[in-house]
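Given next are the chains, with one letter for each unit.
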Amino acid sequence: MSSSGVERQRESTHLTDRELLERYLAGDVPAFEAILNRHERPLLRFVARYRHSLGQRGAMEWAQDTVQEVFLRFVREAPSLRAVENLSAWLYKVARNLAIDEARKEIRMERRHQMAAATEVEAPPPLEEERREVAGIVAEKLESLPPNQRDVLILKIQEGKSYKEIAEITGLTTSNVGYLIHHGLKSLSSALRTAGVV
């Protein structure tokens, strides 16, 4: 990388998403790369955890495809993003919506495959089996929550998002987010207690 490239990269870490967006729209390709570098890993983690919370396998490959689609949409819709107040929230919202759509498709396909063929699986060791069972129960109970409670819990607990960021991502008010998190945790705790997990 040339010295001007290194300087540009250092400078981009101090710029806001809005400033990077404006530079990208003005034709500065490294500004897009800076946005990608800033948000790609957190989005991958979020989407992979979302998939994992649904008890599905192949989370990282699926997450990579989903995040790639998020950034393709970013490129296509970049001019209209000037009106978006928080680019990070927009990226998470797109990722969440894509993840929901893809998860639904996967669930339908998986059900079809399960009905079509059954495979033998070697029994895992007892401790690993118990851990998988508990993880499965937690994922099942999380999935059984109403979607709005499940989504805010994933964003808060696994992604560490603030109430304000969650509100922007989901389109809810911050007080609604707090209410959903409170009741979601209460419901999840109760369901896990009933299942004998806690």
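Further up the page is the structure itself.
What you are looking at is a predicted structure, and each value in this text was computed from that prediction instead of being measured.

Looking at this structure, I do not really get helix H9 (residues 174–194). What am I missing?
Count 3.6 residues to each turn of an α-helix, and residues three or four apart come out pointing the same way. Relative to the 30 Å expected for 21 residues at 1.5 Å per residue, H9 spans 30 Å between its end C-alpha atoms, a close match to the ideal helical length. Buried residues of H9: Val 177, Gly 178, Leu 180, Ile 181, Gly 184, Leu 188 and Leu 192, and no others. End-on, the buried residues of H9 take up no more than an arc of 165°, which puts them together on one face. Away from its buried face by more than 90 degrees, H9 exposes Ser 175, Lys 186, Arg 193 and Thr 194.

Teacher, can you tell me more about the packing of aromatic side chains here?
Aromatic ring pairs are reported here in terms of the distance separating the ring centres and the angle at which the planes meet. Scanning all chains against the criterion turns up five aromatic pairs. In this structure an aromatic cluster arises from ring pairing among Tyr 24, Phe 32, Phe 71 and Phe 74.

Sorry, what's going on with the side chain of His 39 here?
Among the secondary structure elements, His 39 is positioned in helix H3 (residues 29–53). If we skip the residues at most four places from it in the chain, His 39 touches Asp 17, Phe 71, Ser 88 and Leu 91.

Explain the environment of Ala 99 to me, please; I cannot follow it from the model alone.
Along the chain, Ala 99 turns up in helix H5 (residues 87–116). What makes Ala 99 buried here is its relative accessible area of 0%. For the pair formed by Ala 99 and Val 47, sequence separation is 52 residues and the distance between their alpha carbons is 6.5 Å. Residue contacts for Ala 99: discarding those within four places in its chain leaves Val 47, Tyr 50, Trp 62 and Thr 66.

Please clarify how helix H8 (residues 163–170) should be interpreted in this entry.
Looking only at H8, the buried set comprises Ile 166, Ala 167, Ile 169 and Thr 170. Around the axis of H8, the buried residues are gathered within 165° of arc, so they sit on the same side. Gly 171 sits one or two positions beyond H8 and adopts a positive phi of about 80°.

Calculation criteria
- Residues numbered from 1 in each chain as written.
- Predicted model: local features only at pLDDT ≥ 70, side-chain atom pairs only at ≥ 80, totals over all residues.
- Heavy atoms only, no water.
- Helix = DSSP H or I, 4+ residues; strand = E, 2+ residues; numbered from the N terminus.
- Expected span 1.5 Å × (residues − 1).
- Buried < 20%, exposed > 50% of the residue type's maximum accessible area, 1.4 Å probe, protein only.
- Arc of directions from axis to C-beta.
- Phe/Tyr/Trp six-rings, centres within 6.5 Å; stacked < 30°, edge-to-face > 60°.
- Contact = heavy atoms within 4.5 Å.

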